[in-house]
Amino acid sequence: MVNACEGEKKIRVLCRKLIITKKEPILQWLIGSPFFPPFTIISTFRCLHTSNPNDPYSPDLIRESDDLKTLLLKGFEVIGALIVTIGDNNWEVNSSKAIEIVRKFRKYFSSSGDRQRNFDIIGGSTDLTTGETKFYAAKSENVTKIEACDVVYEENPEKYIWDKGCLLKCELGIKLPIYVPVNKPSDAKELFTSAIDKAAAKLRARNVVYMIEGTQETTEPISQSIIVRGVDMDFETDLPAVQHSENVIEESDSKALPCSYFCLKNKPILLLSATESADIVQISVLLNRSRNSHNSAAPVAEYFPAPEQVEVLVVAFNIEVLCYAAKSLPVAYAISKLIMPALVDQFTAMKKILMPNLLTQYPELCPYHFYPPGMLHPITAIYELNYGETEMKQVEIRRALHSRLGLPLDRPLLRIVNALDVSTGNITAGSNSTKNVSYLLKDVHTGVPRSGVSGGLISTVEGSYEYYHYLQDGFDDNGWGCAYRSLQTIISWFKLQNYSSTKVPSHREIQQALVEIGDKDPSFIGSREWIGAIELSFVLDKLLGVGCKIMNVRSGAELPEKCRELALHFETQGTPVMIGGGVLAYTLLGVDYNDANGDCAFLILDPHYTGGEDLKKIVNSGWCGWKKSVDSKGKSFFLHDKFYNLLLPQRPNMV
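Residues numbered from 1 in each chain as written. Predicted model: local features only at pLDDT ≥ 70, side-chain atom pairs only at ≥ 80, totals over all residues. Heavy atoms only, no water.

(A) View of the pattern of salt bridges. The full count for this structure, using the stated rule, is 26 salt bridges. Between K169 and E171 there is a salt bridge; the shortest N-O distance is 3.9 Å. For E171, a relative accessible area of 44% corresponds to the partly exposed category. With its nearest N and O atoms 2.8 Å apart, the salt bridge here joins R411 to E462. Of the two residues, R411 is situated in the loop between α6 (392-405) and β19 (426-427) and E462 in the loop between β20 (457-460) and α7 (482-496); the sequence distance between them amounts to 51 residues. You can call R411 buried: its relative accessible area is 13%. The exposure class assigned to E462 is partly exposed, which follows from its relative accessible area of 37%. Overlapping salt bridges bring together D410, R411, E462 and R651 as one network. (Salt bridge = Lys/Arg side-chain N within 4 Å of Asp/Glu carboxyl O. Buried < 20%, exposed > 50% of the residue type's maximum accessible area, 1.4 Å probe, protein only. Helix = DSSP H or I, 4+ residues; strand = E, 2+ residues; numbered from the N terminus.)

Written out as structure tokens, the structure reads:
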């Protein structure tokens, strides 16, 4: 039975990339939030684990639930599924199957208090042959009655999410002493499970105290904190039934204060590319052992003798969770309905990882939070620090995460260096990669005027780089160091994209590398000799392990003929290009090319600039800007009587 979906039940899609697969049939989980209107799709995760390898639509519900409980911040939940097919347009049947899968999945994924809750489910089907997608909706108690729904795509999804909500952070260090009978080492796992369960149960104890800290905006931001006690917690009310407060109430009723009380106003939207920090509300767990009493009392020590000889095993690990909450949600419910379940889920996830090697050298586990490009919210991953990031086990873990999130498989987006910095009360995207603050200008091309090419297709460098030019760091390389500076800009790109942690080398270090590989004699070190595209390729290979392609052009007049090939480089590799040969070296950041009439322009970053780090001067004076092969006055930018070699660094195929 199919009914037309009523107006208020339209599917609202926030994520820009709804389909995260190439030409293959898969199942995708649709992610929403209890703080948003029903049928709002925030993101989509690919189903990786199936119970039948020959059926992509038979998810292993337990393994998928375990994975998503770790990845998804509390405050987000699975609200639907999308069946992706090839040439199958049986929309209603496929969507009904997706809805039934979600109904079963929620029994494993939802917390105990939500399992009996009636909720709306989205089922969808996509045919990759036609590109068409259709959605249906149903209630959990009657999945046989589905309604076809129209779809609305949100134009500004980041604003939609972060105007409504904020992030909560809670960190907890755990040390569990386990007394294992010497004669029964097999009891260790059972004892460990019991210890974990008891530790998790303590989070709901009446004597637990939660301290909530945030920042209020006055003439200068000031720290603001309150205390909420376990005795005041409400564990019975379901999250959708909680009464929200849009206005800050009396501070004396601390448990009813909304999360917005701890948030700065008018903060920038949290984006991966943002340089500013976004607020985060910090929550600390304290165990209150004291009691209010008018009578004096002495401390008491109790002694419990072990019934048999035991060995003490201390298991230590750190818990750190992020949650998403509506700013209007009272903090007491933010703790009981988000923070506590998130802590318990991370307890459970770490327990499953630790159990197999408990009596040997158990893994060193650490949770990390990431905000990968294309995602509208952070995700959490637990990594084993016993393994180096280049070891295959960690590589395979990251590759699986890339597949689940629809991230490219040729760039490192989920390495530890990409993790969010949540240590200071602010959350900064990718800040671990920029701990050493640089005075150098980044991405200077973003504000340059248009190229003047009519109807052209612009292809530019992908990602951030630093602008290196003559006379920086008090080093006089005027007249001979342009290729060195171009190489430094290229290496900064690989560093800022986290392909390498190698620092950007000095001129002397570049020369030293060329001597070490046998390309130059020792006398080359400290000289003012020029280098070209070939030498740059040698240095990139030695210092970063990066391969390069060399494009040879006999005359500057032939460079426009290479625009199509250069555009393909920027679209597939995205790395800066060094133009050498002739008498000068430049860094090429992009091309604007009209395929119909051959009109083109080159986005040039000129290393010959000798001034200070003045962005306005650099752009206005043309040190970074579009250069046409022949300008309006008939002057050629590239010399017709000189050859050119173009160095095209290749993006490493790695995660």
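(B) Representation of empty space enclosed by the protein in the model. Tallying each qualifying case throughout the model produces 1 cavity of 30 Å³ or more. Taken as a whole, the largest cavity encloses approximately 110 Å³ of empty space. Taken together, K69, T70, L72, L73, K74, V321, L322, A342, D345, Q346, T380 and I382 make up the lining of the largest cavity. Counting only elements with at least two residues in the lining of the largest cavity, the list comes to α1 (61-71), β16 (310-326), α5 (331-354) and β18 (379-384). Counting residues per element, the lining of the largest cavity draws most heavily on α5, at 3 residues. Taken together, the residues of the lining of the largest cavity sort by class into 6 nonpolar, 3 polar and 3 charged. (1 Å grid on protein atoms, 1.4 Å probe; cavity = no way out; pocket = protein on both sides within 12 Å on 5 of 7 lines; lining within 4 Å. Points joined across faces, edges and corners; volume = space filled by probe spheres on them. Nonpolar A, V, L, I, M, F, W, Y, C, P; charged D, E, K, R; others polar.)

(C) Local environment of the sheet that holds strand β2 (residues 11-13). Pairing within the open sheet is parallel, and its 3 strands lie in the order β4-β2-β10. Where the open sheet ends on each side, the last strands, each with one partner, are β4 (40-41) and β10 (151-153). The sheet contact formed by β2 and β4 spans 2 bridges and is parallel. For V13, the partnering residue across the bridge sits in β4 and is I41. (Pairing = 2+ DSSP bridges.)

(D) Inspection of the nonpolar core at higher detail. Membership of the largest hydrophobic core comes to 111 residues, with the highest contact counts inside it found for W29, L168, F317, L329 and F347. Ranked by residues supplied to this core, first place goes to α5 with 14 residues. In terms of nonpolar packing, the next biggest core, distinct from the first, is built from 45 residues, V461, L487, L536 and L540 among them. (Core = buried A, V, L, I, M, F, W, Y, C linked by side-chain atoms within 4.5 Å.)

Geometry only, nothing functional implied.
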